[in-house]
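Examining the three-dimensional arrangement
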Amino acid sequence: MTAPPEPTPAPLHWKLVIDAGDPHTQADFWAAALHYTAEDNSALIERLLELGTLPGEATVEYHGRPAFRDLIAVRHPGDPYDLATGTGLGRRLLFQRVPEAKTGKNRLHLDLHPGEGLRAQEVARLEALGARVLREVKEASGAWVVMADPEGNEFCVH
């Protein structure tokens, strides 16, 4: 008698967490850069405030609604999210407040792919949002532009 096959594990849900001095400004930049949506956690926050489990000083007003002071996420607008909390259930970037500024090179970065022939236009759009060009790269494997977001986190536009 043979043993039943091991069940295939379900893929893990994940989010990319990015340290930030100002999470809300970073969320605004990346929501605009990626055409994502800033999460609206106001219903959850209001519930936590009413229950007394979240102190008022742990919140700020963000785009006219209550938000967590030290973290905010942006999500792909087509992905599912929890209606009760506003938390995305798909592709997300979460920005969390940290006291220290970025000091070294990223060990992880985003590559943006605007489409064939659209790199220059996308770089200009991202500069208008507050990013800056660090360098242009041309190698046998391809060409791309290395940029930095408003807090200095590097990313590439291919």
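Residues numbered from 1 in each chain as written. Predicted model: local features only at pLDDT ≥ 70, side-chain atom pairs only at ≥ 80, totals over all residues. Heavy atoms only, no water.

On the secondary structure map, A38 appears in strand 2 (residues 37-38). Counting along the chain gives 71 residues from A38 to H109, while the straight-line C-alpha distance between them is 20 Å. Not counting the four nearest positions on each side in its chain, A38 is found in contact with A31, Y62, R65, A73 and V74. (Helix = DSSP H or I, 4+ residues; strand = E, 2+ residues; numbered from the N terminus. Contact = heavy atoms within 4.5 Å.)

Moving on, we get to the sheet that holds strand 2. Judged by pairing direction, the sheet is mixed, and its four strands sit side by side in the order 1-6-5-2 without closing on themselves. In this open sheet, the two edge strands, each paired with only one partner strand, are strand 1 (16-20) and strand 2. Sheet strands touched by helix 1 (residues 23-34): strand 1, strand 2, strand 5 (71-75) and strand 6 (92-97). Its angle to strand 6, the strand with the most contacts, is close to 160°. (Pairing = 2+ DSSP bridges. Axes fitted to C-alpha atoms, helices over the stretch in contact; angles between N-to-C directions.)

Moving on: the sheet that holds strand 10 (residues 154-157). Read from one edge of the open sheet, four strands run 7-10-9-8, paired in mixed fashion. In this open sheet, the two edge strands, each paired with only one partner strand, are strand 7 (110-112) and strand 8 (132-139). Taking each pair of neighbouring strands and ignoring which way they run, the sheet shows an average axis angle of 25°. The pairing of strand 7 with strand 10 spans three bridges and is parallel. Looking at strand 10, one finds that D111 is bridged to C156. Strands in contact with helix 3 (residues 119-129) are strand 7, strand 8, strand 9 (142-148) and strand 10; relative to strand 9, the strand with the most contacts, it is inclined by about 5°.

So, on to the nonpolar core. With 24 residues, the main nonpolar core has W30, V74, F95, L126, M147 and F155 as its most contacted residues. Elements that contribute at least two residues to this core include exactly strand 1, helix 1, strand 5, strand 6, helix 3, strand 9 and strand 10. For this core, the element with the most residues is helix 1, which contributes five residues. Setting aside its immediate chain neighbours within four residues, M147 contacts V123, L126, E127, A131, R132, V133, L134, N153, E154, F155 and V157. (Core = buried A, V, L, I, M, F, W, Y, C linked by side-chain atoms within 4.5 Å. Buried < 20%, exposed > 50% of the residue type's maximum accessible area, 1.4 Å probe, protein only.)

Our focus in this paragraph is the packing of helix 1 against helix 3. For the pair helix 1 and helix 3, interaxial distance at closest approach is 10 Å and the crossing angle is 160°. Taken together, the axes of helix 1 and helix 3 lie roughly antiparallel to each other. By crossing handedness, the relation of helix 1 to helix 3 is classed as right-handed. Note on element contacts: helix 3 touches helix 1 through E122, R125, L126 and L129, opposite F29, A32 and A33. Residues of the contact of helix 1 with helix 3, tallied by class, amount to five nonpolar, no polar and two charged. (Parallel < 35°, antiparallel > 145°, perpendicular 65-115°, else oblique. Left-handed = near helix turned anticlockwise from the far one by under 90°. Nonpolar A, V, L, I, M, F, W, Y, C, P; charged D, E, K, R; others polar.)

Centre-to-centre distance and the angle between the planes together describe a pair of aromatic rings. Counted by the stated rule, this structure contains three aromatic pairs. Here the aromatic rings of F29 and W30 are separated by 5.1 Å at their centres, their planes lie at 90°, and the arrangement is edge-to-face. Here F29 and W30 have matching classes, each one buried. Between F29 and F155, the ring centres sit 6.3 Å apart and the planes meet at 55°, which makes this aromatic pair tilted. Note that F29 is positioned in helix 1 and F155 in strand 10, a separation of 126 residues in sequence. Using a relative accessible area of 4% as the deciding quantity, one classes F29 as buried. The class of F155 is buried, set by a relative accessible area of 1%. Cluster of aromatic residues (ring-pair linked, three or more members): F29, W30 and F155. (Phe/Tyr/Trp six-rings, centres within 6.5 Å; stacked < 30°, edge-to-face > 60°.)

Geometric values such as these leave the question of function open.
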